[in-house]
Structures are given as C-alpha cells and as structure tokens.
Amino acid sequence: MNASRSRVNHQRSRILHAILAACLLAPAACSSPQRLPAVPDDRADRAIVLNTPALRTWDDTLSPAFLEELFRIGKVEFTNLAAEGRAHDIPPAHYLAISGGGAEGAYGAGILCGWTDAGTRPEFKIVTGISTGALTAPFAFLGPAYDDRLRQVYTSVTTEEIARKRGILAAIYNDALMDTVPLRKLLAQTVDEPMMRDIATEYAKGRILLVATTNLDANRGVIWNIGAIAATARPEALDLIHNILIASAAIPAAFPPVMFDVEVDGTKYQEMHVDGGAKAQVFLYPPTLHLDEAVAAEGFQRERVAYIIRNARLDPKWVDVRRKTLPIAGRAIDSLIQTQGVGDLYRIYITSQRDGVDFNLAFIPATFNEQAKEAFDPVYMTKLFDVGYAQAIAAGGYPWHKSPPGLDQRHSINTTPPETK
C-alpha cells in the first residue's frame, strides 16, 4: 500500500470511528454550529452581498446586472484603444481557466511560472478559478509580478498551513473534520490589501477575474466577480474575497462551509457555500452565454484564445480497492470527480467551438507517478511544479492539447501532450 492510499484509508477510518463513538455518547454532550435562516427558494435570485447585485450570478443563468457589468468593464479596453488612435488595432483576447485539484495546483503554478520565463505568457483578459484554481487565479490574473508568491505557495506550504484536525466527534456534531483557520491566516498574508488594490486597478482597465463556489442550499454554482468586489473599496471587500476563495476550496465534510450574510428586501439570511468543484471542476463561461453573438452585438469582435489548465491526470488510475464500505465509496467518489472533470472539458470545448474561441488544454501527464506523504506535501508539490515548469519552458513552448481527451486519438491521455501545430 503506498503512502497516499494509507493516508486516505486512515482518514476514512477516523470518520467511521467518529460515527461509532457518537453512537455511544449522549447527544446532549455536544452542540452543532448554528446559522441564520437560508434564503427561501423563491427569493434566492434576489439575494445580494455588499448591497450590490452585480457582484455575482448563478453559473447556469447570468443575471442581467452581472452581465451588464461584465460588458461595461469589457468595453473599457476598446475605449482606451480608440483614445490612442488604435480602434482597429485590437489584440487577441486571452482567457485562462484553472481547475481544482488540491495540491495538484502546483502543476498549474509551474506552467504559469515557466510560461513567464519562456517570455511568451500573454496578459489574460479573463481568468477563472475553482477550488485550488481559485487560490491560483488572483496570482495568475496579476501576472509575472506575483510569480514568486505563487511559487512559494505551491512549493512550500504544508498541510498544517491549510487546515487542522478537529476532535473525533467532528464528523457528527460539527460541520467538517477539519477547520481552515490556517488557510485564512495564509490568505491574509498572501492576498493582502495591496494585492486587492492591484486587482481593482487591472479591473478598471477592462480585465476580469472570476471565482466559482457552490451554494449548497440552492444546489447551484455561483460565479463571483472578484475585480468588481475589489473595486468597491469597501472595508468588507478584502474579507469577502478571502471568504470566497476559502469557500471555493472548501471540500465538503473535510473543510467547513463558508456562511455568507446576504439580504433580500431588507431581510437578513445566510447562504452556505462549499467547494466550487461540487458543481464543476473548471469553467470558462456558461454555455448559456453565446459569446460570439454577444460581443458582435456590442461591436467589439476580436480573436479569442482560451487556455484551460486541468490540475489532474486524466488517464484511469488503477487501485487495489479493499472490500469494505468506505474504500469502495471513496473510490467511487474519486471516479465521479475524474469523470466530471473530463465532462467539463468537453463542455468548454463545445462552447468554444461554437463561439470561435481557440481551445488549448493542459493536464498532468500520465508519466508523473510521484506519491505524496500528506495532503499538501512540499516535496511532492515541488516535483509537480517542476514538471509543469519544464513543459512550459521547453523549446516551442507548452505543448497544448487542441481538443479534450478521447476526441482526437492523436491527443492520447496516456502520452505526453503533442506539439502544437
């Protein structure tokens, strides 16, 4: 049994022991976390934060206020080019979508840093992130100036700096097995006030940073406009950004959910948000947004190029599953997550093909077989960072896949990526 599998089995064993212990103890000895009422289903569309409707939207149905704000800020670049006499000299728009993957986020961090050192990394018009991708996204959005900070996070941070274990009864009477106080402290040090001001500055230039969480009450994905939140300059803005980033990475049952205070017509409620990966592993923009038609109607057509970094291997991984309930359930969940991730890539590919967006995909090669000694193992993450970095810095640049796995046999998931033609 390898070290990674041993850790997983030990964690599942702790959950089972907690359940058995709880059966033997009086329920009155513990109390569960409390919350304000959830937003009623028929009022959920009207719930707002910071008294501003345009800061977020459902992932499946873009709200008019959110969409109007995106197009307003998107036009800024064109206005500035016109003022410079370059109205017809519109550069390509580069999009970056970064997936979840926990410690595997080191791979995407390595690609970004290597891309910088190769001298070919573009400035991204839009950056999106989910889960560990949400933690990477602000650094990716702000560009090479934040590479050192990004590298440090994904090559030196340990499990203890992300989360700490709770007591044995947490599985029954609390909202998660671990708490994320260490992660909140880490974010306070890395995503600070100056960084938020930099995000607001780039947003004012017409660039967009989006992060997704899952509203567990509504069972719907939520897309947050981080640049718009930073631009409010409200005292609560930085704390809200931290909460969004933590929520996007809050693996249900392992990490506690994040409660967001919202209002509907003056009445206060709370929403429960967890890992954006509960709804999708990666996103670019909702398929309901016909981007090509929308931008044509607004009068600013241009070449568009999308880069998707999937912080995971996509090939099937063999495991000797023990004939016990928790290992079987855990293996099935792992399979569902992998399948969901591949499905997300197909959705993005089909949408990008419809809208004339050039599709480029990166994922961890099947040749990477290192084993981590803990959930966030700096040695393991450094090796994975180095793999992404080496691929990006190689002659010819990163060898991006031009379609999802399986669609084109030339792009086998069991080989290193083919060279881009």
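Scroll up a little and you will see the structure.
Colleague: Provide a residue-level description of the pattern of salt bridges, including the pertinent values.
Modeller: One pass over the structure, following the stated rule, counts 26 salt bridges. Across the pair R304 and D292 runs a salt bridge, and its minimum N-O distance is 3.2 Å. Taken together, the residues R304 in strand 10 (residues 304–313) and D292 in helix 11 (residues 291–298) connect sequence positions 12 residues apart. Using a relative accessible area of 28% as the deciding quantity, one classes D292 as partly exposed. For R354, the salt bridge is made with D355, and the minimal N-O distance between the two is 3.0 Å. Using a relative accessible area of 2% as the deciding quantity, one classes D355 as buried. Through salt bridges with shared partners, one network takes in R43, R46 and D265.

Colleague: Account for the nonpolar core, with residues named and values stated.
Modeller: Counting 120 residues, the largest nonpolar core has L96, I111, V127, W224, I229 and I308 as the members making the most contacts within it. Ranked by residue count, the leading element in this core is helix 10 (residues 237–248), at 8 residues. In contact with I111, other than residues within four places in its own chain, are I309, A362, G388, Y389, A392, Y398 and W400.

Colleague: Tell me about the pairing of strand 11 (residues 357–364), and name the residues and values.
Modeller: Within strand 11, 7 of the 8 residues are buried, which leaves the element mostly enclosed by the surrounding structure. Relative to strand 11, strand 10 is paired through 8 bridges, and the arrangement is parallel. The partner of R304 across the bridge, within strand 11, is V357. Taken together, strand 10, helix 12 (residues 325–355) and strand 11 form a β-α-β motif whose crossover is right-handed.

Colleague: Describe the packing of aromatic side chains, with residues and values.
Modeller: Applying the stated criterion across every chain, the model contains 10 aromatic pairs. Ring geometry for F124 against Y307: centres 6.4 Å apart, planes inclined by 75°, an arrangement best described as edge-to-face. Taken together, the residues F124 in the loop between helix 3 (105–118) and strand 3 (126–130) and Y307 in strand 10 connect sequence positions 183 residues apart. Judged by relative accessible area, which is 12%, Y307 ranks as buried.

Colleague: Let's hear about the environment of V222: which residues, and what values?
Modeller: Along the chain, V222 falls in strand 7 (residues 220–225). Through-space distance from the C-alpha of V222 to that of R56 is 6.8 Å; in sequence the pair is 166 residues apart. Aside from chain neighbours lying at most four places away, what touches V222 is R56, T57, W58, D59, V211, A212, T213, N215 and H273.

Colleague: Give me the lowdown on the packing of helix 5 (residues 147–156) against helix 13 (residues 378–393), citing residues and values where you can.
Modeller: In contact at an axis separation of 7 Å, helix 5 and helix 13 are set at 135° when each is read in the N-to-C sense. Between helix 5 and helix 13, the angle falls in the class oblique. Facing helix 5, whose interface residues are R151, Y154, T155 and S156, helix 13 presents P378, M381, T382, F385 and Y389.

Colleague: Give me the lowdown on the environment of Y346, citing residues and values where you can.
Modeller: Structurally, the position occupied by Y346 is in helix 12. Looking at Y346, the relative accessible area reads 25%, which means it is partly exposed. For the pair Y346 and L407, spaced 61 residues apart in sequence, the C-alpha separation works out to 8.9 Å. Those residues in contact with Y346 that sit more than four places away from it in its chain are P404, P405, G406 and L407.

Colleague: I'd like to hear about helix 3, residue by residue, with values.
Modeller: The terminal C-alpha atoms of helix 3, which comprises 14 residues, lie 20 Å apart, in line with the 20 Å expected from a rise of 1.5 Å per residue. For helix 3, the tally of buried residues reaches 11 of 14 residues, placing the bulk of the element in the interior. Buried residues along helix 3 sit against strand 2 (93–98), helix 4 (132–142), helix 5, strand 10, strand 11 and helix 13. Backbone geometry just downstream of helix 3 places G119 in the positive-phi region, at approximately 80°.

Reading guide: rules and limits
- Residues numbered from 1 in each chain as written.
- Predicted model: local features only at pLDDT ≥ 70, side-chain atom pairs only at ≥ 80, totals over all residues.
- Heavy atoms only, no water.
- Salt bridge = Lys/Arg side-chain N within 4 Å of Asp/Glu carboxyl O.
- Helix = DSSP H or I, 4+ residues; strand = E, 2+ residues; numbered from the N terminus.
- Buried < 20%, exposed > 50% of the residue type's maximum accessible area, 1.4 Å probe, protein only.
- Core = buried A, V, L, I, M, F, W, Y, C linked by side-chain atoms within 4.5 Å.
- Contact = heavy atoms within 4.5 Å.
- Pairing = 2+ DSSP bridges.
- Right-handed = clockwise from strand over helix to strand, strands pointing away.
- Phe/Tyr/Trp six-rings, centres within 6.5 Å; stacked < 30°, edge-to-face > 60°.
- Axes fitted to C-alpha atoms, helices over the stretch in contact; angles between N-to-C directions.
- Parallel < 35°, antiparallel > 145°, perpendicular 65-115°, else oblique.
- Expected span 1.5 Å × (residues − 1).

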